[in-house]
Amino acid sequence: MSRWYGLLSELAAFVPLSWIWVGKRSSDPRGDAPQFLTEGQVLVDRLVAEKQEPLRIVERPPADSRTLDERAETAHALVVRFLAKYFGPAPGQDSVAVRPVLHGRDLHLRLDPSVSPDLPVCGAILPGLGSDTAGTEPHVRTCDQCFGRAPIVPPPVLTAAEYGAWTSYIHQPGS
């Protein structure tokens with residue numbers, strides 16, 4: 001187990017549950033980088049301190065006039081930006097391709113480049129890589145989640161380029 005699971009757990013306290021990605025991802029050495037661990041802990045400490053209401057004299061206005069909901073939204077945005085800084089795609093990777101992948105009789109969609117070659121948009125774990133397919137074969141079922149016909153729970157966290165490529169693909173005629 002990597003050292004950064006504790007830090008990610010602390011950061012997750014500031015992100016709504018619907019944003020937590022559930023699934024197996026490949027190990028990532030960026031999470032063990034000393035700069036990530038240091039900056040992450042500083043961010044967690046800052047957000048915990050901001051979340052707490054300090055004791056004050058009743059007649060004086062609070063030092064921070066934001067509501068708790070406004071503070072939570074700010075914390076959420078800071079955590080997402082922090083994680084994107086370390087785990088987002090490398091600069092220059094704006095080109096995303098959508099690849100249909102046949103797994104058994106199920107047709108899924110995979111984004112390329114992807115963190116894992118066997119992780120489709122719907123988040124289902126596909127043991128071993130299915131075969132790429134350009135067309136459809138008889139008796140093939142398309143994955144309703146991958147093709148945008150059913151909700152994905154939890155919703156995937158996609159970059160703007162990934163989202164754009166995926167939605168363009170599923171909205172083209174014949175999808």
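Residues numbered from 1 in each chain as written. Predicted model: local features only at pLDDT ≥ 70, side-chain atom pairs only at ≥ 80, totals over all residues. Heavy atoms only, no water.

S.K.: Just checking my understanding: could you explain the overall build of the chain for this structure?
M.R.: A count of helices and strands for the chain gives four helices and four strands. When the helices and strands of the chain are placed in sequence order, the string is α-α-α-β-β-β-β-α. Split into buried and exposed, the 175 residues of the chain put 28% on the buried side. Sequence-distant contacts, at least 24 apart, represent 64% of the contacts inside the chain between residues at least 6 apart. (Helix = DSSP H or I, 4+ residues; strand = E, 2+ residues; numbered from the N terminus. Buried < 20%, exposed > 50% of the residue type's maximum accessible area, 1.4 Å probe, protein only. Contact = heavy atoms within 4.5 Å.)

S.K.: Looking at this structure, how should I read the confidence of the model for the chain?
M.R.: Do not read the fine detail of predicted coordinates wherever pLDDT is low. This prediction gives the chain a mean pLDDT of 75; 75% of its residues lie at or above 70. Across the chain, element-level confidence peaks in helix H2 (residues 34-51) with a mean pLDDT of 87 and bottoms out in strand E3 (residues 131-132) with 50. (pLDDT = per-residue confidence, 0-100.)

S.K.: Just to check I follow, could you spell out the environment of Gln41 for this structure?
M.R.: Among the structural elements, Gln41 can be located in helix H2. Between the C-alpha atoms of Gln41 and Leu8, which are 33 residues apart in sequence, the distance is 9.7 Å.

S.K.: Just to check I follow, could you spell out the packing of aromatic side chains for this structure?
M.R.: A full pass over the atoms with the stated rule returns two aromatic pairs. Ring geometry for Phe36 versus Phe82: centroids 5.4 Å apart, planes at 15°, classification stacked. Remark: Phe82 occurs in helix H3 (residues 68-87) and Phe36 occurs in helix H2; sequence separation between them is 46 residues. Aromatic pair Tyr163 and Trp166: ring centres 6.4 Å apart, planes at 65°, arrangement edge-to-face. Of this pair, Tyr163 and Trp166 both sit in helix H4 (residues 160-170), three residues apart, which is roughly one turn of the helix. On the basis of relative accessible area, Tyr163 is assigned to the partly exposed category, the value being 48%. Exposure remark for Trp166: the relative accessible area of 10% places this residue in the buried category. (Phe/Tyr/Trp six-rings, centres within 6.5 Å; stacked < 30°, edge-to-face > 60°.)

S.K.: What is the right way to look at the environment of Ala12 in this model?
M.R.: Inspection of the secondary structure puts Ala12 in helix H1 (residues 5-12). On a C-alpha basis, the gap between Ala12 and Val44 in space is 9.8 Å, while along the polypeptide they are 32 residues apart.

S.K.: Honestly, the nonpolar core in this entry has me stumped. Any pointers?
M.R.: Generally speaking, a soluble globular protein has its nonpolar side chains buried in company with each other. The biggest cluster of nonpolar side chains holds 15 residues, and the ones touching the most others in it are Val98, Leu109, Leu111, Val121, Cys146, Phe147 and Trp166. Listing elements by their share of this core, those giving two or more residues are strand E1 (97-103), strand E2 (106-112) and H4. If we ignore the near neighbours within four places in the chain, the residues touching Val98 are Leu109, Arg110, Leu111, Ala165, Trp166 and Tyr169. (Core = buried A, V, L, I, M, F, W, Y, C linked by side-chain atoms within 4.5 Å.)

S.K.: Please clarify how the side chain of His108 should be interpreted in this entry.
M.R.: Structurally, the position occupied by His108 is in strand E2. Excluding residues within four positions of it along the chain, His108 makes contact with Arg99, Pro100, Val101, His103, Pro120, Cys122, Leu126, Cys143 and Cys146.

S.K.: What's the story with the pairing of E2 in this structure? I'm lost.
M.R.: Two faces make up the sheet, and in a regular strand the side chains alternate between them. Among the seven residues of E2, five are classified as buried, and the element is accordingly described as predominantly covered. The pairing of E1 with E2 spans seven bridges and is antiparallel. If you follow Leu102 over to E2, its bridge partner there is Leu107. In sequence, E1 turns back onto E2 through a hairpin of two residues, with Gly104 there showing a positive phi of about 65°. Note: E2 against strand E4 (residues 141-142), two bridges, orientation parallel. From the neighbouring strand, Leu107 faces E4, where its bridge partner is Thr142. (Pairing = 2+ DSSP bridges.)

S.K.: Which parts of the structure should I look at to understand the side chain of Arg71?
M.R.: For Arg71, the position within the fold is in helix H3. If we skip the residues at most four places from it in the chain, Arg71 touches Glu50, Lys51, Gln52, Glu53, Asp64 and Arg66.

S.K.: Can you walk me through the packing of H2 against H3 in this structure?
M.R.: When two helices pack together, their arrangement is given by the angle between the helix axes and the distance between those axes. Between H2 and H3, the shortest axis-to-axis distance is 11 Å and the interhelical angle comes to 175°. Classified by the interaxial angle, the pair formed by H2 and H3 is roughly antiparallel. Across the interface between the two elements, Gln35, Phe36, Glu39, Gly40, Leu43, Arg46, Leu47, Glu50 and Lys51 of H2 pack against Leu68, Arg71, Ala75, Leu78, Val79, Phe82, Leu83, Lys85, Tyr86 and Phe87 of H3. Residue classes in the contact of H2 with H3 are distributed as 11 nonpolar, two polar and six charged. (Axes fitted to C-alpha atoms, helices over the stretch in contact; angles between N-to-C directions. Parallel < 35°, antiparallel > 145°, perpendicular 65-115°, else oblique. Nonpolar A, V, L, I, M, F, W, Y, C, P; charged D, E, K, R; others polar.)

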